[in-house]
Amino acid sequence: MSKTKILLLCFPALLTITPFLAACFFIFRFSFSANQGAIEGFSFTPYLELADPFFIRSLLTTFKLASFSTVIVIVLAIPLALVMATVQKPWLRRLLSVAILMPMILNLLIQSYGWIILLGPTGVLNTSLRELGLISRPIMLLFNESGVLLGLVQTALPLAVFPILTATRNISEEHIEAACVNGASHWRCFFDITLPLLKPGIISGASIVFAYNASAFAIPLLLGGRRVQMLGVAIRDYISPLFNWSGAAAAGMVLIALTIGVLALANYLTQRWTVTEYQS
Amino acid sequence: MNLHLEIDAVSKSFGHVSALEDIHVNVERGSFVCLLGPSGCGKTTLLRIIAGFERQSSGHLRLNGKDISTVAPHRRNFGMVFQSLALFPHMNVAQNIAYGLKLRGIKGAKQRERVDELLHVISLPEIADRPVSALSGGQRQRVAIARALAVQPEVFLLDEPLSALDAKLRDNMQIELRQLQQQFGVTTVLVTHDQTEAMMLADQLVVLDRGRVQQCAPPSEVYRKPASAFVADFLGSANIVQAKANAHGSHELFGQVIQLKNKSSQSHSVELALRAEDIQLKASDVNDIEANGEIIMLRDLGPSMEAIVKFEGNQIRVRSNDPELRLLELGRQVSLQFDPNRCIEFA
C-alpha cells in the first residue's frame, strides 16, 4: 500500500484527535494567561500562585498515592498474569479475563458505592464487627487516604495484568528449566529469569497505572470524601468554586509534567539497573 | 568399568498412559549414551526424569551409587542443553555462561577465567560481550554447550540439540560435540531421533520404542546384531523379509537357500533383516520368472544408487555404489542376490 493511501486511512483518526490537541494547546496557553477567567496577555502568575500549601500538599498526595498504588498493583498483577499464562482451557481463560477486566466494564460510581456498602461507616464490615462487640465506634477505612488507595488499586489492576500477560510470551518453560539445571532455586529463577524477562510488560503496565491513577478524579472524590485532595479534585476546585481557569490550567500542566517526569525517570532507572546488574 | 549413573527399573505413567516401562540403563563414567527412538517413544521423558523435571512413577536413579530419585533438579549439579537452547535473552554470552558459576558463588577473576576458558574451548573467544540475539545458529549452539559445561556437571544432558541446524552445520557440530565430550571426559546422555547422529556420537546406544528399551549396546553391535525387527528397521534402512521354510529343513529367500543358526524355527517361515547395501541386483532373463523382481523406483543418492524392487508383493530396498546399478532402468526384471551370512536373525 502506498504512503498516501495509509495517510488517507488515518484521516478519521487524525480528525478525532485534532480537537483534543487543540484543547491541549488552549489549556497550555491558558496556563500563561494574565487573566484568571479568559486568555489574555502573558504571565507566569498562574504558576507562581500554585506555590501555596494547599496545592503543594495536593501534589504530594497525588504523587504518593499514585506511586503506592502502582507498586501494589504491579505486585498483585505479576502472579495473576503468570497464573493466567498457564491456563490452558479456553473457557477458563475467557472467564478469568472477564473477571479481571470487570473494573473496566463497570461504572466507577457503582464500584465506589460497592466499596462504601462494604467498608463504609455503616457498611457490612463495620456493622458486623459492632454486632460482634469487637468495636464500639466504626473503623474509618474509607474517606481517607487508605480508602482512596484501595479504590485506585482495584480500578487500575486490569491495566497492569494484560501488558504483563503479553510479556509472559517471552518466557518459555525451557528458560526456567535451564536456570534450574544451572542451580537456581524457584525464587532465584523468578528473580533472575522471570522478572527480567517480564520487564517490558511491567514497565508499560506500571506507566499506564501511574498515569491513570495520578489523574484519578472519581475515586478520590467518592472514596476520599473531600478530605483527600488529589490533583484531579484540586483542579476541579480551581474551576468550580473558584473560577480560576488559568490556575486550573497551570495545575493541569504540572500534573502532566509530574506524570511524564516520573515515567521517564522510572524508565531510565530500570534501564540502568539491568545493565549494571550482571557486570558485577 | 565404573558405573556413574544408574537408571534402575524406572517407569513413568501420565494418568492411564504409560510413557516408560521398567527402564534399566547403566551409564559408565565418561561415556556417551544416546537415547534413540521415534517421536513418542519416551526418550525425552526419560531425559527429563534424569534431569529431575519429571518424577518417575516407580524405580530409582542412582548417581555414584547414591539414590538421587527425589533430589530437586537445581541440586543435581547437571548440565543440560535444551532443544530450543533456551539461552537467556536478557544476558550477553559471557553472562549466560557465567550464570551457573554465579549461583555457585564463583565470582570476579575466577569467574572471568572460567568463562574465557570455555569461550576458547568453543573457539569463540571474541563474542563474550555480544547479546545472544546477535549470534548465528551454530554460535548459539556452542554457547548453550559452554553454559552447560561451565559448572563442571556430573552428567551432561542434551535434548535433540542439533535438530534445528541445517545438515552441513549439524555434521560439523556432531564432530565438535564428540570432541568436547571426550576432552572434558564428562558423562553424557543425548536424546535424538536421528540414527546417524546416534551412531556417530554414542559409546552406548539405548534404542527405545513405545516406552521400552529395545536394545542397549554399542552402536556397531546394534547395527550388526539388532535385537528386533524394530531396531533393524530403525537403524539403517533394513529390509524386513520372510524366509520361507522349504521341504529340506532349511529356508529360502529370494530363491536362494539359506541355513539359519536358530534351529528352533526350522519348520515355519522366519522374519529376517537384510540391509539395503547387502543386496546386489542382477539383470535377469524374462524367462527366469521364479527369482525375479521388478525395479519400481530408482534414485541417485550421489555416492550410491538406490533401487526399490518389487519382489513377491514386497518392496525391497537395495543400495549400492556398483556402477552396474546405474545401467539398470525402471521396469527391468532383476534377481536379488546376497551373502547368506549377512542375513540378520532375531533372537
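Quick caveat: nothing in here was measured; it's all calculated off a predicted structure. (Residues numbered from 1 in each chain as written. Chains lettered and ligands numbered in written order. Predicted model: local features only at pLDDT ≥ 70, side-chain atom pairs only at ≥ 80, totals over all residues. Heavy atoms only, no water.)

### With respect to the overall build of chain A
Item 1. Counting secondary structure elements, chain A contains 12 helices and 0 strands.
Item 2. Secondary structure elements of chain A occur, N-terminal to C-terminal, as α-α-α-α-α-α-α-α-α-α-α-α.
Item 3. The principal-axis extents of the C-alpha atoms in chain A amount to approximately 70 × 70 × 45 Å.
Item 4. A total of 280 residues make up chain A; the buried ones form 39% of that total.
Item 5. Considering only contacts in chain A between residues 6 or more positions apart, those separated by 24 or more positions represent 68%.
Item 6. Carbon and sulfur atoms provide 73% of the accessible area of chain A, an area that totals close to 15,800 Å². (Helix = DSSP H or I, 4+ residues; strand = E, 2+ residues; numbered from the N terminus. Buried < 20%, exposed > 50% of the residue type's maximum accessible area, 1.4 Å probe, protein only. Contact = heavy atoms within 4.5 Å. Areas by Shrake-Rupley, 256 points an atom, 1.4 Å probe, with all protein chains shown as cover.)

### A look at the packing of aromatic side chains
Item 1. Applying the stated rule across the entire model yields 14 aromatic pairs over all chains.
Item 2. Ring centres of F42(A) and F44(A) lie 5.5 Å apart, and the angle between their planes is 80°; this geometry places the pair in the edge-to-face category.
Item 3. Looking at F42(A), the relative accessible area reads 57%, which means it is exposed.
Item 4. Between F254(B) and F338(B), the ring centres sit 5.7 Å apart and the planes meet at 85°, which makes this aromatic pair edge-to-face. Here F338(B) lies in strand β19 (residues 333-338) and F254(B) lies in the loop between β12 (251-253) and β13 (256-258), a separation of 84 residues in the sequence. Exposure class is identical for F254(B) and F338(B). Each is buried.
Item 5. Aromatic rings pair up to connect F28(A), F32(A), F42(A), F44(A) and Y47(A) into one cluster.
Item 6. Above the ring of F88(B), the side-chain terminus of R147(B) is found at 4.5 Å from the ring centroid.
Item 7. The ring of Y223(B) is capped by R275(B), whose NZ or CZ atom sits 3.8 Å from the centre of that ring. (Phe/Tyr/Trp six-rings, centres within 6.5 Å; stacked < 30°, edge-to-face > 60°. Lys NZ or Arg CZ within 6 Å of the ring centre and 35° of its normal.)

### Describing the packing of helix α7 (residues 145-167) of chain A against helix α9 (residues 186-214) of chain A
All names here are of chain A.
Item 1. Relative to each other, α7 and α9 sit at 155°, their axes nearing to 8 Å. Judged on the interaxial angle alone, α9 and α7 are roughly antiparallel. Here α7 runs over α9; the crossing is right-handed. Residues L152, T155, A156, L159, A160, P163, I164 and A167 of α7 form the contact with α9, whose participating residues are L197, L198, G201, I202, S204, G205, I208, V209, Y212 and N213.
Item 2. Grouping the constituent residues of the contact of α7 with α9 by class yields 13 nonpolar, 5 polar and no charged. (Axes fitted to C-alpha atoms, helices over the stretch in contact; angles between N-to-C directions. Parallel < 35°, antiparallel > 145°, perpendicular 65-115°, else oblique. Left-handed = near helix turned anticlockwise from the far one by under 90°. Nonpolar A, V, L, I, M, F, W, Y, C, P; charged D, E, K, R; others polar.)

### Some thoughts on the nonpolar core
Item 1. Ranked by size, the top nonpolar core spans 62 residues in total, and within it I50(B) and L157(B) carry the most contacts.
Item 2. Looking at this core element by element, the count peaks at 9 residues for α7(A).
Item 3. When residues no more than four places from it in sequence are discounted, the contact partners of I50(B) are L5(B), I7(B), L61(B), R76(B), F78(B), L157(B) and V189(B). (Core = buried A, V, L, I, M, F, W, Y, C linked by side-chain atoms within 4.5 Å.)

### Some words on the UniProt feature "transmembrane region" (unreviewed entry) in chain A
All names here are of chain A.
Item 1. Per the UniProt record, the feature "transmembrane region" (unreviewed entry) sits at residues 65-83, 95-119, 139-165, 202-223 and 243-269.
Item 2. End C-alpha to end C-alpha, residues 95-119 measures 27 Å, and it is 92% helix and 0% strand.
Item 3. The span residues 243-269 is 93% helix and 0% strand, and its two end C-alpha atoms sit 40 Å from each other. (UniProt positions renumbered as here; feature names shortened; annotations may be inferred.)

### Re a nonpolar patch on the surface
Residues and elements named next belong to chain A.
Item 1. There is a patch of nonpolar side chains on the surface, built from V98, L101, M102, M104, I105, L106, L109, I110, Y113 and Y212 and spanning about 890 Å² of accessible area.
Item 2. At the level of secondary structure, the elements contributing two or more residues to the nonpolar patch comprise α4 (90-105) and α5 (108-119).
Item 3. When residues of the nonpolar patch are assigned to their parent elements, the largest contribution, 5 residues, is made by α4.
Item 4. Structurally, I105 is set in helix α4.
Item 5. Among the residues examined, I105 registers a relative accessible area of 57% and is labelled exposed. (Patch = residues over 30% accessible without salt bridge, like charges linked within 9 Å, V, L, I, M, F, W, Y side chains within 5 Å. Salt bridge = Lys/Arg side-chain N within 4 Å of Asp/Glu carboxyl O.)

### Looking at the domain arrangement of chain B
Residues and elements named next belong to chain B.
Item 1. Here chain B is described as being made up of domain 1 (3-232) and domain 2 (239-345).
Item 2. Contacts between the two partners involve 5 residues from domain 1, matched on the other side by 7 residues from domain 2.
Item 3. Contact with domain 2 buries area across many residues of domain 1, yet Y223, A229 and A232 alone supply 77% of it, more than any other trio.
Item 4. Summed over the shared surface of domain 1 and domain 2, the number is 0 salt bridges.
Item 5. At the surface where domain 1 touches domain 2, the tally comes to 2 residue pairs in polar contact (both at pLDDT 80 or more). (Domains from an automatic or database assignment. Buried area = accessible area lost by both parts, 1.4 Å probe. Polar contact = N/O pair within 3.5 Å; in protein donor to acceptor, adjacent residues only side chain to side chain.)

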